[in-house]
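# Topology and contacts: notes
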Amino acid sequence: MSQFDVVILGGGSGGYACALRSSQLGLSVALIEENKLGGTCLHRGCIPTKALLHAGEVADSSRHSSDFGVNTQFIGIDMLAVNAYKDGVVSKLHKGLQGLVKSRNVTYIEGHGRLVSKNEVEVNGVKYTGKNIVLATGSYPKTLPGLDIDGTQIITSEQAISMDQVPKSVIVLGGGVIGCEFASVWKSFGAEVTIIEGLPHLIALEDESSSKGLERAFRKRGIDFELGTRFKSASKDAKGVTVSLEDGKTFTAEVLLVAVGRGPVSANLGYEEAGLTMDRGYVIVDNKCRTNVPGIWAVGDLIPTLQLAHVGFGEGILVAEEIGGLNPRPINYDGVPRVTYSEPEVASVGLTTAQAKERGHDVVELNYDLAGNGKAQILKTAGAIKLVAAKNGPVLGIHMVGARVGELLAEAQLIFNWEAEASDVASLIHAHPTLSEAVGEAHLALAGKPLHSHG
């Protein structure tokens, strides 16, 4: 069979979510992937990096166990064992996903696919016809002009997840999510780390209060960073890599991680020839992920929306349901939860203060320090929860810094997406002692009745 209701090019988060949901809706589906089912997130991104971060958390716990009256000794990091743990997690999830796709009667096709007409994708010389074509070819790690990735001294995240030893020192070029997560991992593993970021703050897309909170925490951990100066050049020799900045400063380390963002995988795949509207390699779509060519859709990192695996999931499901005639609601990207899984974590949903003001809101803010939260004291974590709200109106943004705050986003995204006001949340009783109490306490304070904080 080579004719399907839906032919999906790319088996990452967006592609396989679209395949599974399409199959649920009774559509015949072909899913094409040239590497491994699960894509970047499962094999080279989200899952392996979070496994490394957890290993780093265990290392830090062993170093500081005496703070809790537990005597342990930190001996070192065995990267072969760390990688075996990480790869075991990935392998188990990969096998589970393969079984899930097979059980849903999705036709899985291995090989390099290329769009050859508005309703055909060619793989290994065979053409597959779809009433609908969904493009989900993902993204790749970008570099800068003149900065050649050699895979050993100058690397991207794709090499960083599989290193067989901990470098003595690392320069991280880029202070966004990927850069900050790897900086956190390597510091936990014992490396000396310096982040170089051309913008004024780390994780510059977050609320400024969150950026400053992470910067304070990183200083306390001994992670160095240089902000507000652009990269000029890099040179390497047998001893390491030297990075020069435009202000004349230089930094030298054993390894340079290039973490300057990710670009769409769209070159030489037939997209332009099919007449798709493109911008800087991205496929342009409407709010239902439809391209300008009828019957062709695009999702995930290939389109200029948030580059998050869960956004890809959501877009894949959206497309499947639109094809299936369910007329789903478009995604509100402001309402998508965002997490940087460093130590401490940074988590947010909704608008920053600056964005809220730009959109014309009369803004009120509330900062709740985690020092007043019992579970935070038990965990010995510092941080804060900041609320951004419209005056006499709904909560517009929730921004959090601290250990495990990513787990608080479940409630936070409901608050934002259901347009709750502070008083709505203040009336809810939160379990004690939990970090989630801090979300309740912050809303109590914003509603004018603070309990464990000063009014």
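Look above for the structure.
Residues numbered from 1 in each chain as written. Predicted model: local features only at pLDDT ≥ 70, side-chain atom pairs only at ≥ 80, totals over all residues. Heavy atoms only, no water.

## What to know about the layout of surface pockets
- In this structure, the second largest pocket encloses a volume near 1,500 Å³.
- Looking at the second largest pocket, it is lined by 45 residues, and the ones nearest its centre are E343, P344, K380, T381 and A403.
- For the lining of the second largest pocket, the secondary-structure elements that each account for two or more residues are α3 (46-63), α6 (177-189), α7 (208-221), β22 (363-369), α10 (374-379), β23 (384-390) and β24 (395-402). (1 Å grid on protein atoms, 1.4 Å probe; cavity = no way out; pocket = protein on both sides within 12 Å on 5 of 7 lines; lining within 4 Å. Points joined across faces, edges and corners; volume = space filled by probe spheres on them. Helix = DSSP H or I, 4+ residues; strand = E, 2+ residues; numbered from the N terminus.)

## Some details on the nonpolar core
- Ranked by size, the top nonpolar core spans 45 residues in total, and within it V134, L135 and Y271 carry the most contacts.
- Those elements that place two or more of their residues in this core are β1 (3-9), α1 (13-24), β2 (29-33), α4 (79-103), β5 (120-123), β6 (126-135), β19 (296-298) and α8 (309-323).
- If you tally residues by element for this core, the top one is β1, at five residues.
- When near neighbours in sequence (up to four residues on either side) are disregarded, Y271 contacts L9, L115, L135, T137, V265, S266, L276, M278, V283 and L302. (Core = buried A, V, L, I, M, F, W, Y, C linked by side-chain atoms within 4.5 Å. Buried < 20%, exposed > 50% of the residue type's maximum accessible area, 1.4 Å probe, protein only. Contact = heavy atoms within 4.5 Å.)

## Digging into the pattern of salt bridges
- Tallied over the entire structure, the rule returns 19 salt bridges.
- Residue K86 is joined to D87 by a salt bridge in which the shortest nitrogen-to-oxygen separation is 2.8 Å.
- Note on K86: relative accessible area 3%, which makes it buried.
- By relative accessible area, D87 is classed as partly exposed at 40%.
- With a closest N to O distance of 3.4 Å, E322 and R290 form a salt bridge. Of this pair, E322 sits in helix α8 while R290 sits in the loop between β18 (282-283) and β19, and the two are 32 residues apart along the sequence.
- E322 sits in the buried class, given a relative accessible area of 17%. (Salt bridge = Lys/Arg side-chain N within 4 Å of Asp/Glu carboxyl O.)

## Points about the sheet that holds strand β10 (residues 192-197)
- Within the open sheet, the five strands sit side by side as β8-β15-β9-β10-β11. Their pairing is parallel. The sheet is open, and its two borders are formed by β8 (154-155) and β11 (224-227), each paired with just one other strand.
- Of the strand pairs in this sheet, β8 and strand β15 (residues 255-258) are connected by two bridges, and their pairing is parallel. Among the inter-strand pairings, I154 is bridged to a residue of β15, identified as L256. (Pairing = 2+ DSSP bridges.)

## Some words on the packing of α3 against α4
- Contact geometry of α3 with α4 gives a least axis separation of 9 Å together with a crossing angle of 140°. In terms of orientation, α3 lies oblique with respect to α4. Note that α3 runs across α4; the crossing there is right-handed. Contacts between α3 and α4 pair I47, P48, A51, L52, H54 and A55 from the former with V82, Y85, K86, V89, V90 and L93 from the latter. (Axes fitted to C-alpha atoms, helices over the stretch in contact; angles between N-to-C directions. Parallel < 35°, antiparallel > 145°, perpendicular 65-115°, else oblique. Left-handed = near helix turned anticlockwise from the far one by under 90°.)

## Here we look at empty space enclosed by the protein
- Counted under the stated rule, the structure contains two cavities of 30 Å³ or more.
- Taken as a whole, the largest cavity holds about 60 Å³ of empty space.
- Together, L52, M79, A160, M163, Q165, V166, P167, F182, V185, W186 and F189 line the largest cavity.
- Residue contributions to the lining of the largest cavity peak at four residues, all from α6.
- A breakdown of the residues in the lining of the largest cavity according to their chemical character gives ten nonpolar, one polar and no charged.
- In this structure, the second largest cavity spans a volume of roughly 40 Å³. (Nonpolar A, V, L, I, M, F, W, Y, C, P; charged D, E, K, R; others polar.)

## Concerning the packing of aromatic side chains
- The full count for this structure, using the stated rule, is two aromatic pairs.
- Arranged with centres 5.5 Å apart and planes meeting at 40°, the rings of F182 and W186 form a pair that is tilted. With F182 and W186 both in helix α6 and four residues apart, the pair spans about one turn of that helix. One exposure class covers both F182 and W186, and it is buried. (Phe/Tyr/Trp six-rings, centres within 6.5 Å; stacked < 30°, edge-to-face > 60°.)

## Focus: the packing of α6 against α7
- As a packed pair, α6 and α7 sit with axes 11 Å apart at the nearest point and diverge in direction by 20°. Classed by the angle they form, the pair α6 and α7 counts as roughly parallel. In this structure, α6 crosses over α7, and the sense of that crossing is left-handed. Touching C180, S184, K187 and S188 of α6 are L214, F218 and R221, all from α7.
- Considered class by class, the residues forming the contact of α6 with α7 number three nonpolar, two polar and two charged.

Everything listed here is a matter of geometry and, on its own, says nothing about what the molecule does.
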